Amino acid sequence: MSGGFDPLHPRDVDLPTRVPLKGDLSTGDVAISLDDAKIFAAPADAGDLVQWRLQLTAWRDGARKRHGEPTRYNDGAAAWASRCFTVAQVWLWDELFFDFEAQRFTPERFLADARERFGGLDGIVLWHAYPVIGIDDRNQWDYYNVPGLADVSAALRRAGVAVFLSYMPWDIGTRRSGDDAAELTATVRRLRADSVFLDTLKKADRSLVAALDAARPGIGLEGESKLSTDRIADHTLSWAQWFADSEVPGVLRARWFERRHMQHHIRRWHRDHAEELRAAWLNGVGVLVWEVVFGAWVGWNDRDSATLRRMVPVQRGFHRWLVDGEWTPLTVTEGPVVGSSFDLDGVKLLLLANTSDTDAKHQLAGTGWDPLHPGDTSEVVTVPANGIAAAVQVSAGAAVPGEIAAVQTALAGEPAVRNSSFRHRRARRLSAPPWPGPAAPAAFSAAAVSAVTVPAGEYTLTVRYRMRETGMYGGAPYVDEWKPLSPRLHDQRTLDRFVTLPRPVHVAAEEVSEAEYARFLDAVGEHAEARDPERPATKVTLARAREYAAWAGGRLPSEDEWQLAAADPGFRRRTPEVWNWTESEHSDGRTRFVMLKGGSAHRSRGSNWYFDGGVQPPEFTAKLLLPGLGLDASASIGFRICRDQSDDGGGPQ
């Protein structure tokens, strides 16, 4: 518990809204209050379902009179959004999406993994700036100015995957390069994006909508949480994030208001997605697959991945039923099995879900049923534990839709999976690659640099850090939490690190200067202008900092060695103060990160979402997710070198 809020349970604002079974819900205060619901709760008594559906319809009819018909959905250019069922949020530098060794994007590898595990994707959010933005003055548009990104966008669109960009309205403390609307629309045009995800926003300002419409007709806009009923008209998508459901799954208010509006269920920190998958299935909407939350691994389990693989062929194949058919919620409520039907042209699509931990059977009533998953009989459908199933009934005289055979083919050989265990990923420390280049002159060698000595021995270090969504060395910071809030989010924390140094380490008393770094560039054949001998060298990538250290006959100090050396009175900071690279690159197979020490004179102000700024005490550590293609070079990051003392007390090892 924190501040009266239990992070493992929904807040009051997240709970489903009860629908009154009496009274006029087409108008009045009660009707207006229902405009603000996330999910309309199912009635506790199945005997009330008929009246409940009538009241839902009365509310919708009244809401359309209050807010007008959402005519945007009649525009053919905007129709793609209603088919965008499965979207993934991906950090540009996810190791499935970017090859650090080759320094190139690999969208084909990411898509192949998604096809195998999730049945493919309909959209990808290219996440770019947070949680690294704010370390220096670069703004959110600078982080989309990446070599080859336009080619990535084109490759995704050729594969039939919609491209989403992210807009961060809270980015007000970095350099100003123009009006946000102008910058965003220019980026949309340059990358030919299909949609914009509105980070931290429920809806966009109407002037921004107009600007984006002019930039890309039919562009999608998707807010992070509950979208108000009056703005469904100009936002064709929205997140269903932190939407608690009733025990019997209810009805999504935005989807009930406009069937062509696409929602994506998401509980980013959960390791069990069965509940949101059920809700998405029964409402005919999609989900957001988000396995690496800003560097923290919260991957999907096998059962939920298999459920999604069973969902998407049906949703894509029977799209017309989901958006144009007559939707009757909860036509089935038999024990753990619940279901909703969608009727179109004499064909009934029945979607079933199992809310229990054991398989359940459902007897199909009437004739003409054809279960969509091969292996079931025509009379009984098996609904897997915490899973889903579907069947189609063709009325006498109605044409048999070709979608049945196509979906059955897509599902052939796709078994139900019951393994819901979580697969951990552990970050491992990576070594600096060998340096094949020349050696530095004696004056620039690690042995000649003024240094402080950290004696060999065992140490216990207290490390301080700000708890961000990145976590620290390993593990997700908010496992199964509903919504992390302050003071758990952004609060100051500590951890203890136990360190053994087998031999003394000599850590440079100061950072490498601009002038020293210029000599290195000259030595490797790159022209360098005269530099200040007192200012720290900055705008140096981790790879280049390692190369300099190796050229000088040393290496970068680890974060622990840096902290121990900083306790020595001889340890100094050049000005302006800058973060220091350390030899601490880690990878868990999806995220590369490095620990920075020292803080910097720069501080981006105006939002808690920015990277840590200001000069920090030696015990403070900041986790930086490592970008590629040189974007890790920062005006706020420098470095110093160190050398190991040999066993005989001599030179570096």
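Everything in this summary refers to the structure shown in the same document. (Residues numbered from 1 in each chain as written. Predicted model: local features only at pLDDT ≥ 70, side-chain atom pairs only at ≥ 80, totals over all residues. Heavy atoms only, no water.)

Some details on the pairing of strand β30 (residues 621-625)
Filter applied, for reference: Three labels apply to residues, based on accessible area from a 1.4 Å probe with only protein chains included: buried if under 20% of the type maximum, exposed if over 50%, partly exposed otherwise in between. Elements are defined by DSSP. Helices are runs of H or I of four residues or more, strands are runs of E of two residues or more, and each kind is numbered from the N terminus. Two strands are counted as paired when DSSP detects at least two bridges linking them.
Among the five residues in β30, five count as buried, and that is most of the element. Bridging between strand β29 (residues 592-597) and β30 involves five bridges; their strand directions are antiparallel. When the sheet's bridge partners are listed, Lys 597 is paired in β30 with Thr 621.

Re the packing of aromatic side chains
Selection rule: Aromatic pairing here means that ring centres of Phe, Tyr or Trp (its six-membered ring) are within 6.5 Å. Orientation follows from the plane angle: under 30 degrees is stacked, over 60 is edge-to-face, and everything else is tilted. Charge over a ring is defined by NZ of Lys or CZ of Arg lying within 6 Å of the ring centre and within 35 degrees of the ring normal.
Within this structure, the stated rule accounts for 36 aromatic pairs. When the ring of Trp 93 is compared with that of Phe 98, the centres are 4.9 Å apart and the planes differ by 85 degrees; the resulting orientation is edge-to-face. Among the residues examined, Trp 93 registers a relative accessible area of 1% and is labelled buried. Residue class for Phe 98 comes out buried when judged on its relative accessible area of 1%. The interplanar angle of 10 degrees and the centroid separation of 6.2 Å between the aromatic rings of Trp 141 and Tyr 167 together place this pair among those described as stacked. One end of the pair, Trp 141, is in the loop between β5 (123-127) and α4 (149-158); the other, Tyr 167, is in strand β6 (residues 162-167), and 26 residues separate them in sequence. Taken together, the ring pairs in this structure connect Trp 127, Tyr 130, Trp 170, Phe 197, Trp 239, Trp 290, Phe 294, Trp 609 and Tyr 610 into an aromatic cluster. For the cation-ring pair, Arg 425 lies above Trp 297, with the distance from its terminal atom to the ring centre recorded as 4.5 Å. For the cation-ring pair, Lys 623 lies above Phe 593, with the distance from its terminal atom to the ring centre recorded as 4.2 Å.

Focus on unusual backbone geometry
Of the consecutive residues Tyr 130 and Pro 131, the connecting peptide bond is found in the cis state with omega at 15 degrees. When you line up the elements, Pro 131 lands in the loop between β5 and α4. Here the residue pair Thr 575 and Pro 576 is connected by a cis peptide bond, since its omega of -5 degrees sits within 30 degrees of zero. Assignment of secondary structure puts Pro 576 in the loop between α14 (559-566) and β27 (579-580).

What about α14?
The element α14 is extensively covered by neighbouring structure, given that eight of its eight residues are classed as buried. Within the span of α14, buried status applies to Glu 559, Asp 560, Glu 561, Trp 562, Gln 563, Leu 564, Ala 565 and Ala 566.

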